[in-house]
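Summary of structural features
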Amino acid sequence: MKALTYDPLNIVICGIGGQGNVLASEVVGSTMNDLGYRVSIGETYGASQRGGSVMSHVRVSAEQELGVLIPRGEAHFIIGFEPLETLRIARQYAGDATRVIYDPRPVYPQGVLRGAQIYPDMAALRAEIRSLCAEAREIPAADIALACGDARAANIALLGAFSCLDGAPLGKDDLAAVLKQRFKGAVLAMNEAVFARGCATMEGGEL
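Here we summarise the structure given alongside this text. (Residues numbered from 1 in each chain as written. Predicted model: local features only at pLDDT ≥ 70, side-chain atom pairs only at ≥ 80, totals over all residues. Heavy atoms only, no water.)

Quick notes on the side chain of Glu135
- Tracing the backbone shows Glu135 in strand β6 (residues 135-138).
- Here the side chain of Glu135 touches Arg99 through a polar contact of 2.9 Å, side chain to side chain. (Helix = DSSP H or I, 4+ residues; strand = E, 2+ residues; numbered from the N terminus. Polar contact = N/O pair within 3.5 Å; in protein donor to acceptor, adjacent residues only side chain to side chain.)

Regarding the packing of aromatic side chains
- Taken as a whole and assessed by the stated rule, the structure comprises two aromatic pairs.
- Judged by centre distance (5.3 Å) and plane angle (85 degrees), the ring pair of Phe77 and Phe162 falls under edge-to-face. Taken together, the residues Phe77 in strand β4 (residues 77-80) and Phe162 in helix α6 (residues 154-163) connect sequence positions 85 residues apart.
- What makes Phe77 buried here is its relative accessible area of 2%. (Phe/Tyr/Trp six-rings, centres within 6.5 Å; stacked < 30°, edge-to-face > 60°. Buried < 20%, exposed > 50% of the residue type's maximum accessible area, 1.4 Å probe, protein only.)

Describing the pattern of salt bridges
- Across all of its chains, the model carries 10 salt bridges by this definition.
- Two residues, Arg91 and Glu128, come together in a salt bridge whose shortest N-O distance is 2.8 Å. With Arg91 in helix α2 (residues 83-93) and Glu128 in helix α4 (residues 122-131), the pair connects residues that are 37 residues apart, well separated along the chain.
- Given a relative accessible area of 55%, Arg91 falls into the exposed group.
- Note on Glu128: relative accessible area 27%, which makes it partly exposed.
- A salt bridge links Arg137 to Glu135, with the shortest nitrogen-to-oxygen separation between them at 2.6 Å.
- For Arg137, a relative accessible area of 16% puts it in the buried group.
- According to the relative accessible area criterion, Glu135 is buried, its value standing at 12%. (Salt bridge = Lys/Arg side-chain N within 4 Å of Asp/Glu carboxyl O.)

The following block contains the structure:
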């Protein structure tokens, strides 16, 4: 069991209902538990079945028993499945040391699609995310997953990118092993391709 960069280490995974972010938090938490850490997971849901906000708090420690909710401003990592949700969470939980990875592809709410609301300007949204944290990287997770055959695997692309971040509590080999446990055959091959491309996006540097 390697030493944590921070103890406790706090991860927020956020997005829209149906994007797979709850599964991502379960994978991260169960993997860390298997590696010998103590893990607490807390989840909050909006109208998730109608595309509402979903947020998971994953807290990891070598020895401490932790409460499930991360204090405001104390997230070390934010994994975002949607840019506006990422910004909303960064405003609450990011601090000077926070690293963020997120998919910059918007998921427009019904109010925006009906013309009753306006989605924020993307350039301003991205700039604010960068201003709130130590590092922000854009990972085209949904596009990667779609190119590999299944858009639902965007969570695997983001987990691949997360495993390559400096200070991440688990590495590529840890998560690759989990994929082999959970999937078989063609589904495994597809998820491994998505995971590899998620890892490869980190080679391009900060965006």
